[in-house]
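Summary of structural features
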Amino acid sequence: MYRSFHIKNEIRILAIDDSALIGNQIMIIGAFFRGGEWLDGVMRAYITRDGMDSTDIITNMIMSSKHREQVRVIMLDGMTYAGFNPVDINYIWELTGIPVVVVMRTYPDLRKIGDALLHLPEPKKRMDIILRAGNITQVRTKPGYNPLYIQCAGIEAQHAAKIVRLTATRSNIPEPLRVAHLIATGIVLGESRGKA
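To keep things clear, this report deals only with the structure shown in the data block.

**Looking at the pattern of salt bridges**
One pass over the full model with this rule turns up 9 salt bridges. Between Asp-88 and Arg-132 there is a salt bridge; the shortest N-O distance is 2.6 Å. Here Asp-88, found in the loop between strand S6 (85-86) and helix H2 (89-96), pairs with Arg-132, found in the loop between helix H4 (123-131) and strand S8 (137-139); they are 44 residues apart in sequence, far enough to count as distant. The salt bridge involving Glu-122 is made with Lys-125; its shortest N-O contact spans 3.9 Å. For Glu-122, a relative accessible area of 42% gives the class partly exposed. Given the relative accessible area of 46%, Lys-125 is considered partly exposed. Look at the salt bridges and you will find they share partners, linking Glu-10, Arg-34 and Asp-40 into a network.

Here you go:
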């Protein structure tokens, strides 16, 4: 079942990215955006490095926000945060009623991910969460740019792709995710760095 909504240029988006992997508790930043143009607010939370709490923390972050009623899409940078702390996007969609779009720069190598998870507690549970995210769809935001890859819950892939293209205003990456990344790394490292 998908949420029905019209995709406006200023669709309200909550984009979440994590900071550098320093310490055991990793900061995540939520950036509230109108389309790919306007930053309306910022929030933060902490999740455990290589833990299993990202889904609950992100869900609580959304449910406690004063912006929750306005948010039409949650945008995530990848399926795992703080190393290999997997996010259950279907659970977030079911609990919040807000569609989730995961954006990835490269097509995930599930074999390598599976091998890496063997070094952590509950590798099968982690992999099941990743696999439950469903089909991976390729999206080109602009001619000549490398493709991005998306997974989604609560929204059809074609609509999710339209939102990704609409919000990639300053680079190949949707602006809400780019800004969330810049804020997260800037706060933790003293200056933003890495791919944004």
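And the narrative resumes.
**A closer look at the environment of Ile-130**
Mapping Ile-130 onto the fold places it in helix H4. A relative accessible area of 7% places Ile-130 in the buried class. Residues Ile-130 and Ile-29 lie 101 residues apart in sequence; the distance between their C-alpha atoms is 21 Å. Those residues in contact with Ile-130 that lie beyond four places of it in its chain are Met-79, Thr-80, Pro-86, Leu-110, Ile-113, Leu-117 and Gln-151.

**A closer look at the packing of helix H3 (residues 110-117) against H4**
Between H3 and H4, the least distance of the axes is 9 Å, while the angle of their chain directions is 150 degrees. On the basis of their axis angle, the class for H3 and H4 is roughly antiparallel. Crossing angle aside, the handedness with which H3 passes H4 is right-handed. Here Leu-110, Ile-113, Gly-114 and Leu-117 of H3 lie close against H4, whose contacting residues are Pro-123, Arg-126, Met-127, Ile-130 and Leu-131. Looking at side-chain class alone, the contact of H3 with H4 contains 7 nonpolar, 1 polar and 1 charged residues.

**Quick word on the packing of helix H1 (residues 54-63) against H2**
Two elements in contact, H1 and H2, have axes separated by 10 Å at closest approach and are oriented at 30 degrees. Compared by their axis directions, H1 and H2 come out roughly parallel. Regarding H1 and H2, the two cross each other, and that crossing is right-handed. Across the interface between the two elements, Thr-55, Asp-56, Ile-58, Thr-59, Ile-62 and Met-63 from H1 touch Tyr-91, Ile-92, Leu-95 and Thr-96 from H2.

**What to know about the side chain of Thr-96**
Note that Thr-96 resides in helix H2. A polar contact is formed between the side chain of Thr-96 and the backbone oxygen of Ile-92, at a distance of 2.7 Å. In terms of polar contacts, Thr-96 uses its side chain to reach the backbone amide nitrogen of Ile-98, at 3.1 Å. With near-sequence residues (within four places) excluded, Thr-96 lies in contact with Thr-59, Ile-62, Met-63 and Ile-74.

**Quick word on the nonpolar core**
Core analysis: the biggest nonpolar cluster contains 28 residues, and Ile-16, Ile-28, Ile-74, Leu-76 and Ile-89 have the highest contact counts within it. With near-sequence residues (within four places) excluded, Ile-28 lies in contact with Ile-16, Asp-17, Asp-18, Met-43, Arg-44, Ala-45, Ile-47, Ile-57, Ile-58, Met-61 and Tyr-81. Among the nonpolar cores identified, the runner-up in size contains 19 residues, and Ile-13, Ile-163, Val-164 and Ile-173 belong to it.

**With respect to the pairing of strand S2 (residues 25-34)**
A regular strand carries its side chains on alternate faces of the sheet. Among the 10 residues that make up S2, 8 are buried, leaving the element largely enclosed by the rest of the structure. Two elements, strand S1 (residues 12-18) and S2, share 7 bridges in a ladder whose sense is antiparallel. Following the sheet pairing, Asp-18 is matched in S2 by Ile-28. Direction of pairing for S2 relative to strand S3 (residues 38-48): antiparallel, over a ladder of 10 bridges. Across the sheet, Gly-30 pairs through a bridge with Met-43, a residue of S3. Here S2 hands over to S3 after 3 residues, with Gly-35 in that stretch at a positive phi of 60 degrees.

Calculation rules
- Residues numbered from 1 in each chain as written.
- Predicted model: local features only at pLDDT ≥ 70, side-chain atom pairs only at ≥ 80, totals over all residues.
- Heavy atoms only, no water.
- Salt bridge = Lys/Arg side-chain N within 4 Å of Asp/Glu carboxyl O.
- Helix = DSSP H or I, 4+ residues; strand = E, 2+ residues; numbered from the N terminus.
- Buried < 20%, exposed > 50% of the residue type's maximum accessible area, 1.4 Å probe, protein only.
- Contact = heavy atoms within 4.5 Å.
- Axes fitted to C-alpha atoms, helices over the stretch in contact; angles between N-to-C directions.
- Parallel < 35°, antiparallel > 145°, perpendicular 65-115°, else oblique.
- Left-handed = near helix turned anticlockwise from the far one by under 90°.
- Nonpolar A, V, L, I, M, F, W, Y, C, P; charged D, E, K, R; others polar.
- Polar contact = N/O pair within 3.5 Å; in protein donor to acceptor, adjacent residues only side chain to side chain.
- Core = buried A, V, L, I, M, F, W, Y, C linked by side-chain atoms within 4.5 Å.
- Pairing = 2+ DSSP bridges.

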